[in-house]
Amino acid sequence: MRFFYLLIFCCFYLSATAQNRVSNIRFRSIDSARLEIQYDLLNTRPGDSVYVQIRSRIRGLLRIRPELIQGDIGMNVPAGSDRRVVWNARANGYTLNEEIKVSVLIRTHVPIAAARRTSRPNQPTAPEPSATPKPAATPVPTESVQTPPTPTTAIAAAPATSSDLADTETVPASTRSLNRYVGPAWALLSAVAPGIGNIFVQTPRPRVGFRPIVFATTYSLILYGLKEKRDADAAYALYEQQRNSTVAEPYYQTANTHYHRYYVATRGAIAIAAADVVLTFLRGLNNNRQKRSLRVEGVTLRPGLQAGQPTAQLRYTF
């Protein structure tokens, strides 16, 4: 365990002191396509690897393709001054007309020694506790309490007659949801919380399913769009501060990219919310159409269609 802690300490110590061996970093543009980097390397150790990081103010950390950078990088770089590295930025997809920061770093190699098995004196091991049988629990005598029987009254059910069976009506499962509202007004809830209002127009009982995902997706797109809009405004503000059109062009392109993402994300959220509102409204109308009936003091009126002709079923119960 102490060897593991010592190894971690060496890694942190070497990584902190490795960067002090690089000094006097300077860079310049050879032409409009290539960037020349020079630095001084004080000393090297076996296994050290020198690499370059370039960070842009607008784009962040730039991804450098290994085949487009050459010079005094990698392993086996001799110590000395004026070490030179050339990077073909244009072939890498970047333009040299923005503010960048160049860092030359050293990745230190720490050889890991094989763990040695040290002979330790045999330590006496504590004997395992023997499983001793527990004494059997003596049963506690309990008093038996007898409760007096409750008198019950036997009620004989009279056999159902044919007239009773005729008056009994079986309610289908699709109409058991008459006790709750399943109409199109739930579309108002879907306008505020997409996917939630559609839960309550499902019959015979509310169903959740994937509808909360619709709610989460809609508001995620809205938040992402607002973030991109803020980034677009910040980049456009930097574009307006530039006096040279060549230098200002990357800021304008960045602002345009963020604004395009904002436009797509917010319009996508609006489309999802509108589709959910329309589906909820149509489902509520269909529920009202299926349950449209007038019940007035035992009189039931149901519209229907028979042989292509509209009909009305009138039923009177008493």
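## Considering the sheet that holds strand β1 (residues 22-29)
So, step 1. Pairing within the open sheet is antiparallel, and its 4 strands lie in the order β1-β2-β7-β5. Sheet topology places β1 and β5 (69-71) at the edges, where each strand pairs with a single neighbour. Averaged over all neighbouring strand pairs, the angle between strand axes comes to 20°, with direction disregarded.
So, step 2. With 7 bridges connecting them, strand β2 (residues 34-41) and strand β7 (residues 80-88) associate as antiparallel partners. The partner of Leu35 across the bridge, within β7, is Trp87.

## Points about the pattern of salt bridges
So, step 1. Tallying each qualifying case throughout the model produces 11 salt bridges.
So, step 2. Here Asp48 and Arg21 are joined by a salt bridge, their closest N and O atoms 2.9 Å apart. Residue Asp48 is located in the loop between β2 and β3 (49-56), and its partner Arg21 is located in the loop between α1 (2-18) and β1; the two are separated by 27 residues in the primary sequence. An identical accessibility class is assigned to Asp48 and Arg21; each is buried.
So, step 3. In this structure, the salt-bridge partner of Asp82 is Arg26, at a minimum N-O distance of 2.2 Å. Here Asp82, found in strand β7, pairs with Arg26, found in strand β1; they are 56 residues apart in sequence, far enough to count as distant.
So, step 4. Classification of Asp82 as partly exposed rests on a relative accessible area of 45%.
So, step 5. Exposure remark for Arg26: the relative accessible area of 24% places this residue in the partly exposed category.
So, step 6. Several salt bridges converge on common partners, so that one network encompasses Arg26, Asp40 and Asp82.

## Points about the packing of aromatic side chains
So, step 1. Tallying each qualifying case throughout the model produces 6 aromatic pairs.
So, step 2. Here the aromatic rings of Trp87 and Tyr94 are separated by 6.0 Å at their centres, their planes lie at 50°, and the arrangement is tilted.
So, step 3. The class for Trp87 is buried, based on a relative accessible area of 1%.
So, step 4. Note on Tyr94: relative accessible area 17%, which makes it buried.
So, step 5. Ring pairs connect the aromatic residues Tyr236, Tyr239 and Tyr252, which therefore count as one cluster.
So, step 6. Sitting above the plane of the Tyr51 ring, Arg107 keeps its charged end 4.3 Å from the centroid.
So, step 7. One Lys or Arg, Arg211, reaches over the ring of Phe210 and ends 5.5 Å from the middle of that ring.

Quick notes on the rules
Residues numbered from 1 in each chain as written. Predicted model: local features only at pLDDT ≥ 70, side-chain atom pairs only at ≥ 80, totals over all residues. Heavy atoms only, no water. Pairing = 2+ DSSP bridges. Helix = DSSP H or I, 4+ residues; strand = E, 2+ residues; numbered from the N terminus. Axes fitted to C-alpha atoms, helices over the stretch in contact; angles between N-to-C directions. Salt bridge = Lys/Arg side-chain N within 4 Å of Asp/Glu carboxyl O. Buried < 20%, exposed > 50% of the residue type's maximum accessible area, 1.4 Å probe, protein only. Phe/Tyr/Trp six-rings, centres within 6.5 Å; stacked < 30°, edge-to-face > 60°. Lys NZ or Arg CZ within 6 Å of the ring centre and 35° of its normal.

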